[in-house]
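Fold and contact review
The residues making up each chain are set out below.
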Amino acid sequence: QAAAPLHPVAVQCQEAQMVVTVHRDLFGTGRLVKAVDLTLGLAACLPVAQNAAESTVTFVAGLHECGSTLQMTPDSLIYKTSLSYKPTPSGNLVIVRTNPAVVPIECHYPRKSNVSSNAVQPTWAPFHSTLSAEERLMFSLRLMNDDWSAERLSNGFQLGESLHLQADVASGNHIPLRLFVDDCVATLSPDRNSSPRYALIDLSGCLVDGRSDDTSSAFISPRLRQDTLQFMVDAFKFAGDNRNLIYITCHLKVSPADQAPNPLNKACSFNKASSLWVPVEGTGDICSCCETGNCPLYG
C-alpha cells in the first residue's frame, strides 16, 4: 500500500531488491521529519529520491545491501533490515521535538519455488531442473566378495572360481533411475578394442558368456536396488596366452526407473534348464533378440 500518514512506511519486496517509501509525517502528527534524518539498515543508507508534493522519500537497496541480514527457515528466505529516524536539532541547537524511531522491515521469499518475475528467453526453466540436468552421474563397477557384502580386497582368482561384479550409479537429485550394463568385454590390455577380446555381455544387456556350455554366468535376480546390478562370471583365461592379467571394460547406462525394460534397456541371462533367455525384470520377449543377435544397439 502507498505510504500515507496512517501507514507511514510502505515496502515493496522485488526480485533482487527492496523499495521502501516513507511518508515524512512519520508519527501522524502533521509535523514532517527531515529526509536527512532517515536512514536504512546498519550501513545507514540514504534515500535515493524525494517527492515534495507527496511528502515522501524513497530508499532502494539490494537484498544484500545496507547491512541487511538473511534468516532461513524451512520454507522461507527472510531478509531483515530497519528504517532508522534520528532527529537532529534544527533552529534551536539545544532541543529536539521528536523521538528517534526504528521500524523493522522484512522481505519473505519462498525457498521451494522460483521468485523471478523477469522474462527469460528461451522459456524459463525452473532452478531445480536446471541444476539436475547439469549434475554428472557417478558410475562404479566393483569386484565383490562371495556374499556381496563388501568389495573384494584381492583381484586374483583361480580357474573354477566366479567373479562377483557389481555395477552402481549414484543418482543424486535425479529422478529414480534403473541401471543397466550395456556390454562388457575382456582384453589383455586396457584398450577395449584390442585383440584378442572376449564379450561377456553384449547386444545391449545379454550376458552372452552364460550361453556357453561350461559356465554358470548370470545376472543376480531380483536386484538389491534399481540403481544396482550384480552379475557373476566364471573365471577364465585367454587360450594360448600365459599372462595372468585380464582387463574387463563395461559400458553402464541408465533409464528412468518408471520406464519398462525393453530390448534396448534390459538385463538378460541364459537359463540352461529351460534353454531360454530370462530378464531380471520385464517380460521375456525383450530377451528374444539375445538368441537372434538383432538387438537394437545403444548409440
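Residues numbered from 1 in each chain as written. Predicted model: local features only at pLDDT ≥ 70, side-chain atom pairs only at ≥ 80, totals over all residues. Heavy atoms only, no water.

Moving on, we come to the sheet that holds strand β5 (residues 56-62). Pairing within the open sheet is antiparallel, and its four strands lie in the order β1-β2-β5-β4. The open sheet has two free edges, formed respectively by β1 (9-13) and β4 (49-51), since each of these has just one partner strand. Across the sheet, the mean angle separating the axes of adjacent strands is 20° when strand polarity is ignored. Where strand β2 (residues 17-23) and β5 come together, seven bridges link them in antiparallel fashion. Across the sheet, residue His 23 finds its bridge partner in β5, namely Thr 56. (Pairing = 2+ DSSP bridges. Helix = DSSP H or I, 4+ residues; strand = E, 2+ residues; numbered from the N terminus. Axes fitted to C-alpha atoms, helices over the stretch in contact; angles between N-to-C directions.)

Turning our eyes to something else, we now look at the packing of aromatic side chains. Taken as a whole and assessed by the stated rule, the structure comprises six aromatic pairs. Aromatic pair Phe 219 and Phe 231: ring centres 5.7 Å apart, planes at 65°, arrangement edge-to-face. Highlighted residues: Phe 219 in strand β13 (residues 218-219) and Phe 231 in strand β14 (residues 228-234), separated in sequence by 12 residues. With respect to burial, Phe 219 and Phe 231 carry one shared label: buried. In this structure an aromatic cluster arises from ring pairing among Tyr 198, Phe 236 and Phe 238. Taking the ring centre of Phe 270 as reference, the NZ or CZ of Arg 211 above it sits at 4.2 Å. It is Arg 223 that lies over the ring of Phe 180; its NZ or CZ is 5.3 Å from the centre. (Phe/Tyr/Trp six-rings, centres within 6.5 Å; stacked < 30°, edge-to-face > 60°. Buried < 20%, exposed > 50% of the residue type's maximum accessible area, 1.4 Å probe, protein only. Lys NZ or Arg CZ within 6 Å of the ring centre and 35° of its normal.)

Next up on the list: the pattern of salt bridges. Two side chains of opposite charge can pair, provided their charged atoms sit close to one another. Tallying each qualifying case throughout the model produces 10 salt bridges. A salt bridge links Arg 142 to Asp 168, with the nearest nitrogen and oxygen atoms 3.3 Å apart. Separated by 26 residues along the polypeptide, Arg 142 in strand β9 (residues 138-144) and Asp 168 in strand β10 (residues 162-170) bring together distant segments of the chain. With a relative accessible area of 26%, Arg 142 lands in the partly exposed category. Residue class for Asp 168 comes out buried when judged on its relative accessible area of 9%. Among the ionic pairs, Arg 225 bridges to Asp 227, the shortest N-O distance being 3.1 Å. (Salt bridge = Lys/Arg side-chain N within 4 Å of Asp/Glu carboxyl O.)

With that settled, consider the environment of Arg 178. Along the chain, Arg 178 falls in strand β11 (residues 177-187). Here Arg 178 falls in the buried class, since its relative accessible area comes to 9%. Residues Arg 178 and Pro 261 lie 83 residues apart in sequence; the distance between their C-alpha atoms is 9.2 Å. Filtering out sequence-adjacent residues up to four positions away, Arg 178 remains in contact with Arg 223, Gln 226, Lys 253, Val 254, Ser 255, Pro 256, Ala 257, Gln 259, Pro 261 and Glu 281. (Contact = heavy atoms within 4.5 Å.)

Attention shifts here to the confidence of the model for the chain. Residues of the chain with pLDDT of at least 70 account for 87%, and the chain-wide mean is 86. Mean pLDDT across the elements of the chain bottoms out in helix α1 (residues 127-134) (50) and peaks in β13 (98). In the predicted structure, residues 119-123 sits below a pLDDT of 50 and forms zero contacts with residues beyond four places in sequence or in another chain. (pLDDT = per-residue confidence, 0-100.)

Cysteine pairs can be linked by a disulfide, which is a covalent bond between their two sulfur atoms. With the rule as written, the count across this model stands at six disulfides. Note on cysteine connectivity: Cys 206 is disulfide-linked to Cys 290, with sulfurs 2.0 Å apart. Of note, the bridge from Cys 206 to Cys 290 carries an S-S torsion of about -80° and is left-handed in sense. Of this pair, Cys 206 sits in the loop between β12 (197-201) and β13 while Cys 290 sits in helix α2 (residues 288-292), placing them 84 residues apart in sequence. Looking at the chain, its bonded cysteines, counted consecutively from the start of the sequence, adopt the pairing 1-4, 2-3, 5-7, 6-11, 8-9, 10-12. (Disulfide = S-S within 2.5 Å.)

The next point concerns the sheet that holds β12. Ordered in space as β12-β11-β15, the three strands form an open sheet in which the pairing is antiparallel. Unpaired on one side and paired on the other, β12 and β15 (247-256) mark the two borders of the sheet. Each neighbouring strand pair of the sheet contributes to a mean axis angle of 20°, computed without reference to strand direction. As paired elements, β11 and β15 share 10 bridges and run antiparallel to each other. Within the sheet, the bridge partner assigned to Leu 177 lies in β15 and is Pro 256.

Before going further, it helps to spend a moment on unusual backbone geometry. The omega angle of the peptide bond from Ser 195 to Pro 196 is 5°, so this bond is cis rather than trans. With respect to the secondary-structure elements, Pro 196 resides in the loop between β11 and β12. We note that Leu 203 has phi near 55°; this positive angle belongs to a residue other than glycine. Looking at the secondary structure, you find Leu 203 in the loop between β12 and β13. Positive phi outside glycine occurs at Ser 204, with the angle close to 60°.

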